[in-house]
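# Architecture and fold: a report
Each chain, letter by letter, is given below.
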Amino acid sequence: MAQGFKDVPRVVWLLAAGVFVNAVVSFTFVFVFLYLTGPRGLGAAQAGLVTGIGGIGLVAGNFTGGWYGDRFGHRRVLLAASTAGGLALMSFPLLSTAGLYAALPLAQYASGVVRAANSALVAVTVPEGARRQAFAVVRCVSNGGFTLGPPLGALLATGLSYDWLFVADGLGTLFFALWTARVVPARGASRSASRPAAAAPDGGLGRGVWEELRARPAVLVLLGAILVTDLVYRQQYSAFPVYLADHGLDIRAFGLVIALNGGVILLLELPAAVALRARPPLPVIGTGIVLVGAGYAALLAGAGVAGAVVMMVLLSLGEILYKTTATAYVADQAPEHAIGRFQSLYAGVSVSGVVLGPPLGGALYAAAPGLLWPLCAALAAGAGGAVLYVSRREARRAEPVGAQHAARPAHETGSQPRAVAG
């Protein structure tokens, strides 16, 4: 398997090491609701409002981080956002409850900017053809860190206090800034920002990106499919644990099922990236999204541990196929001057379910619990089907004219086969 990663630059492995350390201590998002309803004494509704505002900040940061990077340089933006986010997190124990309304969205916004800037930094550092493996490395170590983090966070919160969670998370974020500054060279890290005049042919950032997207309809379809898929995917963190509880399975069952997700990803993500690196990306992405839908369809067979395990295995396999491949595909399709903005669009869409998923899924589950899982399965199947349809269309467009019209060989038409522009 090592041969499959020989094209991943050393700097990506070093950056991944920093990602891992930061992910281990990035446990505040798991405990923030308990922190607000516990030590801070907020009611569930007020705590939900605060965390909801924070979620909006996270999505906004993902949508804008790459745009900043295209203008100012991805390395510079990552360092600035990591520093700001780390300081904001460390300030939490000192703030009044009212101050948290501003500090939490600021910290989440910085986290979103870091995520988008980090993806863009990998994209501009790694040559096309090795990006799937590079993104798989970063995603795998990040998942490994998140697997270790919550148990350590629980020990820290119970052994010391919840305040130390934010201090540790903030220190980890500051460490990531320092580590990135050391291991990622300033030269070459901002290639996409080196030609600001090319950022938008018409002089406007937004219109320039829109024109680039219109020239790439497959990317537009993919972004729409990811938006729908993330809305479905995030139900595992909101309606799914409620569903398990309603059928007699307690929080321990939910914790084990979620841990299964991390285990499958850690075991199979890197081998899958190597095995599928030569495959066309869109069919891989579409198949992965369909598997997400199949996971939720598995719940239709009835509640129980077996159904929950099958659901999570299918969901995890789908995640392995579509997430890394889609991130790399968007990077490969981006023009050089807009790599960061393309990554930001994908990053923002890929976490949109954080804000949209819980209220929409919760409302439907409360009104008609039997409809949620069939709808999730249908939405994901439709999104995956749209990507698979586009992949077939793109493949037909890329075929030589002679192959498309085999009944009329070149000697009959007087022309030679040529590639249709894609």
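Since the model is a prediction, treat every value here as computed from it, not as a measurement.

### Considering the overall build of the protein
- For the protein, the count of helices and strands is 18 helices and zero strands.
- Relative to its 422 residues, the protein shows a buried fraction of 49%.
- Summarising the internal contacts of the protein: among those between residues at least 6 apart in sequence, 83% fall at separations of at least 24.

### Digging into the nonpolar core
- Formed by 81 residues in total, the largest nonpolar core has its most connected members in Phe240, Ile285, Tyr296 and Trp373.
- Looking at this core element by element, the count peaks at 10 residues for helix H13 (residues 305-333).
- In this structure, Ala47, Ala88, Leu104 and Phe166 belong to the second largest nonpolar core, which totals 14 residues.

### Observations regarding the packing of helix H11 (residues 251-275) against H13
- At a minimum axis separation of 9 Å, H11 and H13 run at an interaxial angle of 40°. When you trace H11 past H13, the crossing you get is right-handed. Of the residues in H13, those in contact with Val257, Ile258, Leu260, Asn261, Val264, Ile265, Leu268, Glu269 and Ala272 of H11 are Ala308, Val309, Met312, Val313, Ser316, Leu317, Glu319, Ile320 and Thr324.
- The residue makeup of the contact of H11 with H13, split by class, is 13 nonpolar, three polar and two charged.

### Topic: the environment of Gly353
- Within the secondary structure, Gly353 sits in helix H15 (residues 353-367).
- With 120 residues separating them along the chain, Gly353 and Tyr233 place their C-alpha atoms 7.5 Å apart.
- Not counting the four nearest positions on each side in its chain, Gly353 is found in contact with Asp230, Leu231, Arg234 and Pro358.

### Things to note about the side chain of Ser316
- Assignment of secondary structure puts Ser316 in helix H13.
- Owing to a relative accessible area of 0%, Ser316 belongs among the buried residues under this scheme.
- Here the side chain of Ser316 touches Asn261 through a polar contact of 2.9 Å, side chain to side chain.
- Beyond its immediate chain neighbours, meaning those up to four positions away, Ser316 contacts Asn261 and Val264.

### Quick word on the packing of helix H9 (residues 217-233) against helix H14 (residues 339-350)
- Contact geometry of H9 with H14 gives a least axis separation of 8 Å together with a crossing angle of 25°. Classed by the angle they form, the pair H9 and H14 counts as roughly parallel. Taking contact as the criterion, the partners of Val219, Leu223, Ile226, Leu227 and Asp230 in H9 are, on H14, Phe342, Leu345, Tyr346, Val349 and Ser350.
- Looking at the contact of H9 with H14 residue by residue, the classes come out as eight nonpolar, one polar and one charged.

### What to know about a nonpolar patch on the surface
- On the surface, a cluster of nonpolar side chains totalling about 520 Å² of accessible area is made up of Phe20, Val21, Leu148, Leu152, Leu155 and Phe175.
- Counting only elements with at least two residues in the nonpolar patch, the list comes to helix H1 (10-24) and helix H6 (131-159).
- Residue contributions to the nonpolar patch peak at three residues, all from H6.
- Considering the arrangement of structural elements, one finds Phe20 in helix H1.

### Here's the deal with the pattern of salt bridges
- By the definition in use, this model includes seven salt bridges.
- The closest approach of N and O atoms between Arg341 and Asp70, which form a salt bridge, is 2.8 Å. Linking Arg341 in helix H14 with Asp70 in helix H3 (residues 44-72), this pair joins segments that are 271 residues apart in sequence. We note that Arg341, like Asp70, is buried.
- Salt bridges sharing common partners tie together Arg139, Glu269, Glu319 and Lys323.

### Here's the deal with H14
- When the terminal C-alpha atoms of H14 are compared, their 16 Å separation across 12 residues agrees well with the 16 Å that a helix rising 1.5 Å per residue should span.
- Within H14 the residues assigned to the buried category are Ile339, Gly340, Arg341, Phe342, Gln343, Ser344, Leu345, Tyr346, Ala347, Gly348, Val349 and Ser350.

### Remarks on helix H10 (residues 239-246)
- Among all positions in H10, only Ala239, Phe240, Pro241, Tyr243 and Leu244 are buried.
- Backbone geometry just downstream of H10 places Gly248 in the positive-phi region, at approximately 85°.

### Focus: the packing of aromatic side chains
- Applying the stated rule across the entire model yields eight aromatic pairs.
- With 6.2 Å between their ring centres and 40° between their planes, Tyr35 and Tyr162 make a pair best called tilted. Here Tyr35 is found in helix H2 (residues 28-37), whereas its partner Tyr162 is found in the loop between H6 and helix H7 (163-183), with 127 residues between them in sequence.
- The class of Tyr35 is buried, set by a relative accessible area of 2%.
- Residue Tyr162 is classed as partly exposed on the basis of its relative accessible area of 23%.

### Thoughts on the environment of Ser82
- By secondary structure assignment, the location of Ser82 is in helix H4 (residues 74-91).
- When its relative accessible area of 0% is taken as the criterion, Ser82 is described as buried.
- As a C-alpha pair, Ser82 and Ala107 span 25 residues in sequence and 9.3 Å in three-dimensional space.
- Dropping the residues within four chain positions of it, Ser82 is found in contact with Val114, Thr173, Leu174, Phe176 and Ala177.
- One polar contact links the side chain of Ser82 to the main-chain carbonyl oxygen of Leu78, over a distance of 2.8 Å.

### Thoughts on the confidence of the model for the protein
- Of the residues in the protein, 87% have a pLDDT of 70 or more, and the chain-wide mean is 81.
- The secondary-structure element of the protein with the lowest mean pLDDT is helix H18 (residues 410-413), recorded at 42, while helix H12 (residues 281-297) shows the highest, at 95.
- Low pLDDT (under 50) marks residues 403-422, which in the prediction has 17 contacts with non-local residues, meaning those over four places away or in another chain.

Definitions and limits used
- Residues numbered from 1 in each chain as written.
- Predicted model: local features only at pLDDT ≥ 70, side-chain atom pairs only at ≥ 80, totals over all residues.
- Heavy atoms only, no water.
- Helix = DSSP H or I, 4+ residues; strand = E, 2+ residues; numbered from the N terminus.
- Buried < 20%, exposed > 50% of the residue type's maximum accessible area, 1.4 Å probe, protein only.
- Contact = heavy atoms within 4.5 Å.
- Core = buried A, V, L, I, M, F, W, Y, C linked by side-chain atoms within 4.5 Å.
- Axes fitted to C-alpha atoms, helices over the stretch in contact; angles between N-to-C directions.
- Left-handed = near helix turned anticlockwise from the far one by under 90°.
- Nonpolar A, V, L, I, M, F, W, Y, C, P; charged D, E, K, R; others polar.
- Polar contact = N/O pair within 3.5 Å; in protein donor to acceptor, adjacent residues only side chain to side chain.
- Parallel < 35°, antiparallel > 145°, perpendicular 65-115°, else oblique.
- Patch = residues over 30% accessible without salt bridge, like charges linked within 9 Å, V, L, I, M, F, W, Y side chains within 5 Å.
- Areas by Shrake-Rupley, 256 points an atom, 1.4 Å probe, with all protein chains shown as cover.
- Salt bridge = Lys/Arg side-chain N within 4 Å of Asp/Glu carboxyl O.
- Expected span 1.5 Å × (residues − 1).
- Phe/Tyr/Trp six-rings, centres within 6.5 Å; stacked < 30°, edge-to-face > 60°.
- pLDDT = per-residue confidence, 0-100.

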